[in-house]
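Architecture and fold: a report
Each chain is listed here by its residues.
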Amino acid sequence: MNIKESKVLTVITESVIEQKLVKCIKELGAPGYTIEEVRGEGRRGVRRNDWDQSGSIRLQIVCDKDTAEKIALYLTENFTQSYAMFIFMFDGVTF
(Lines give C-alpha, C1' and ligand atoms only; values in the text may rest on other atoms or scores of the structure.)
Protein backbone atom coordinates (compact mmCIF):
# COMPACT_ATOMS: atom_id res chain seq x y z
CA MET A 1 0.00 0.00 0.00
CA ASN A 2 1.29 3.46 -0.94
CA ILE A 3 0.66 5.90 1.94
CA LYS A 4 1.43 9.56 1.27
CA GLU A 5 1.45 12.43 3.76
CA SER A 6 -0.65 15.41 2.72
CA LYS A 7 -2.40 18.51 3.97
CA VAL A 8 -6.15 19.02 4.06
CA LEU A 9 -7.01 22.67 3.45
CA THR A 10 -10.56 23.63 4.39
CA VAL A 11 -12.23 26.93 3.51
CA ILE A 12 -15.67 27.87 4.80
CA THR A 13 -17.03 30.92 3.02
CA GLU A 14 -19.91 32.55 1.19
CA SER A 15 -21.36 30.54 -1.69
CA VAL A 16 -21.56 33.64 -3.88
CA ILE A 17 -17.79 33.44 -4.52
CA GLU A 18 -17.65 29.70 -5.31
CA GLN A 19 -16.74 30.12 -8.98
CA LYS A 20 -14.03 32.71 -8.20
CA LEU A 21 -12.52 30.36 -5.60
CA VAL A 22 -12.52 27.38 -7.93
CA LYS A 23 -10.75 29.40 -10.63
CA CYS A 24 -8.14 30.65 -8.14
CA ILE A 25 -7.36 27.31 -6.53
CA LYS A 26 -6.97 25.62 -9.92
CA GLU A 27 -4.58 28.35 -11.05
CA LEU A 28 -2.62 27.93 -7.80
CA GLY A 29 -2.15 24.20 -8.37
CA ALA A 30 -4.93 22.42 -6.47
CA PRO A 31 -5.06 18.85 -7.79
CA GLY A 32 -8.80 18.63 -7.03
CA TYR A 33 -11.41 19.79 -4.57
CA THR A 34 -14.72 18.98 -2.90
CA ILE A 35 -17.45 21.55 -2.23
CA GLU A 36 -20.42 21.11 0.12
CA GLU A 37 -23.20 23.46 1.21
CA VAL A 38 -22.97 24.11 4.95
CA ARG A 39 -24.60 26.17 7.67
CA GLY A 40 -23.60 27.18 11.17
CA GLU A 41 -22.86 30.00 13.56
CA GLY A 42 -19.62 31.76 14.43
CA ARG A 43 -18.12 35.11 15.26
CA ARG A 44 -19.81 36.67 12.22
CA GLY A 45 -23.25 35.37 13.19
CA VAL A 46 -25.56 32.69 11.83
CA ARG A 47 -24.97 31.55 8.23
CA ARG A 48 -27.93 29.85 6.60
CA ASN A 49 -27.97 28.04 3.28
CA ASP A 50 -31.60 28.50 2.30
CA TRP A 51 -30.84 31.06 -0.43
CA ASP A 52 -28.09 30.97 -3.03
CA GLN A 53 -27.14 34.54 -2.13
CA SER A 54 -26.60 33.97 1.59
CA GLY A 55 -25.50 30.35 1.79
CA SER A 56 -22.12 29.06 2.84
CA ILE A 57 -19.88 26.41 1.35
CA ARG A 58 -17.05 24.25 2.61
CA LEU A 59 -14.25 23.80 0.08
CA GLN A 60 -11.71 21.06 0.82
CA ILE A 61 -8.46 20.40 -0.98
CA VAL A 62 -6.07 17.52 -0.28
CA CYS A 63 -2.60 18.39 -1.53
CA ASP A 64 1.04 18.83 -0.58
CA LYS A 65 2.11 21.31 2.11
CA ASP A 66 3.53 23.92 -0.28
CA THR A 67 0.39 24.07 -2.40
CA ALA A 68 -1.87 24.25 0.67
CA GLU A 69 0.14 27.11 2.15
CA LYS A 70 0.23 28.99 -1.18
CA ILE A 71 -3.55 28.72 -1.58
CA ALA A 72 -4.25 29.67 2.06
CA LEU A 73 -2.02 32.73 1.82
CA TYR A 74 -3.57 33.86 -1.48
CA LEU A 75 -7.13 33.49 -0.16
CA THR A 76 -6.25 35.29 3.07
CA GLU A 77 -4.69 38.21 1.19
CA ASN A 78 -7.36 38.49 -1.50
CA PHE A 79 -10.70 37.44 0.00
CA THR A 80 -10.88 37.70 3.80
CA GLN A 81 -11.29 41.48 3.88
CA SER A 82 -14.36 41.37 1.63
CA TYR A 83 -16.03 38.04 2.42
CA ALA A 84 -16.78 35.94 5.47
CA MET A 85 -14.09 33.25 5.28
CA PHE A 86 -12.59 30.77 7.72
CA ILE A 87 -9.49 28.85 6.60
CA PHE A 88 -7.86 25.96 8.41
CA MET A 89 -5.42 23.19 7.57
CA PHE A 90 -4.55 19.85 9.12
CA ASP A 91 -2.34 16.88 8.41
CA GLY A 92 -3.72 13.96 6.45
CA VAL A 93 -2.65 10.85 4.63
CA THR A 94 -3.79 9.49 1.31
CA PHE A 95 -3.82 5.85 0.27
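Here is a short report on the structure shown in this document. (Residues numbered from 1 in each chain as written. Predicted model: local features only at pLDDT ≥ 70, side-chain atom pairs only at ≥ 80, totals over all residues. Heavy atoms only, no water.)

1. Let's talk about the nonpolar core
Counting 19 residues, the largest nonpolar core has Leu21, Ile61, Ile71, Leu75, Phe79 and Met85 as its most contacted members. Going through the elements one at a time, strand E1 (4-14), helix H1 (18-27), strand E5 (56-63) and helix H2 (65-79) are the ones with two or more residues in this core. It is H2 that provides the largest number of residues to this core, a total of five residues. Apart from the residues lying within four places of it in its own chain, the contact partners of Ile61 are Lys7, Val8, Leu9, Ile25, Ala30, Pro31, Gly32, Tyr33 and Ile71. (Core = buried A, V, L, I, M, F, W, Y, C linked by side-chain atoms within 4.5 Å. Buried < 20%, exposed > 50% of the residue type's maximum accessible area, 1.4 Å probe, protein only. Helix = DSSP H or I, 4+ residues; strand = E, 2+ residues; numbered from the N terminus. Contact = heavy atoms within 4.5 Å.)

2. Observations regarding the environment of Glu69
Its location among the elements puts Glu69 in helix H2. Between the alpha carbons of Glu69 and Leu9 there is a distance of 8.5 Å; along the sequence they are 60 residues apart.

3. Topic: the sheet that holds strand E6 (residues 85-94)
In space, the four strands of this open sheet follow the order E2-E5-E1-E6, with antiparallel pairing throughout. Unpaired on one side and paired on the other, strand E2 (34-38) and E6 mark the two borders of the sheet. Strand-to-strand, the axes of this sheet are offset by a mean angle of 20°, without reference to chain direction. The sheet contact formed by E1 and E5 spans eight bridges and is antiparallel. Paired with Leu9 across the two strands is Ile61, which belongs to E5. Lying over the sheet, H2 contacts E1, E5 and E6, oriented at roughly 175° with respect to E6. (Pairing = 2+ DSSP bridges. Axes fitted to C-alpha atoms, helices over the stretch in contact; angles between N-to-C directions.)

4. Topic: H2
Over its 15 residues, H2 extends 21 Å from the first C-alpha to the last, a length consistent with the 21 Å expected when each residue adds 1.5 Å. Taken together, the buried residues of H2 touch E1, H1, E5 and E6. If you check the start of H2, you find a side-chain oxygen 3.1 Å away from the backbone N of Asp66, and it comes from Asp64. (Expected span 1.5 Å × (residues − 1). Polar contact = N/O pair within 3.5 Å; in protein donor to acceptor, adjacent residues only side chain to side chain.)

5. Concerning the packing of H1 against H2
One way to put it is that H1 packs onto H2 with a least axis distance of 10 Å and a crossing angle of 140°. Considering the angle they form, H1 stands oblique to H2. When you trace H1 past H2, the crossing you get is right-handed. On H2, the residues touching Lys20, Leu21, Cys24 and Ile25 of H1 are Ile71, Tyr74, Leu75 and Phe79. Broken down by class, the residue content of the contact of H1 with H2 amounts to seven nonpolar, no polar and one charged. (Parallel < 35°, antiparallel > 145°, perpendicular 65-115°, else oblique. Left-handed = near helix turned anticlockwise from the far one by under 90°. Nonpolar A, V, L, I, M, F, W, Y, C, P; charged D, E, K, R; others polar.)

The analysis is restricted to geometry; functional conclusions fall outside its scope.
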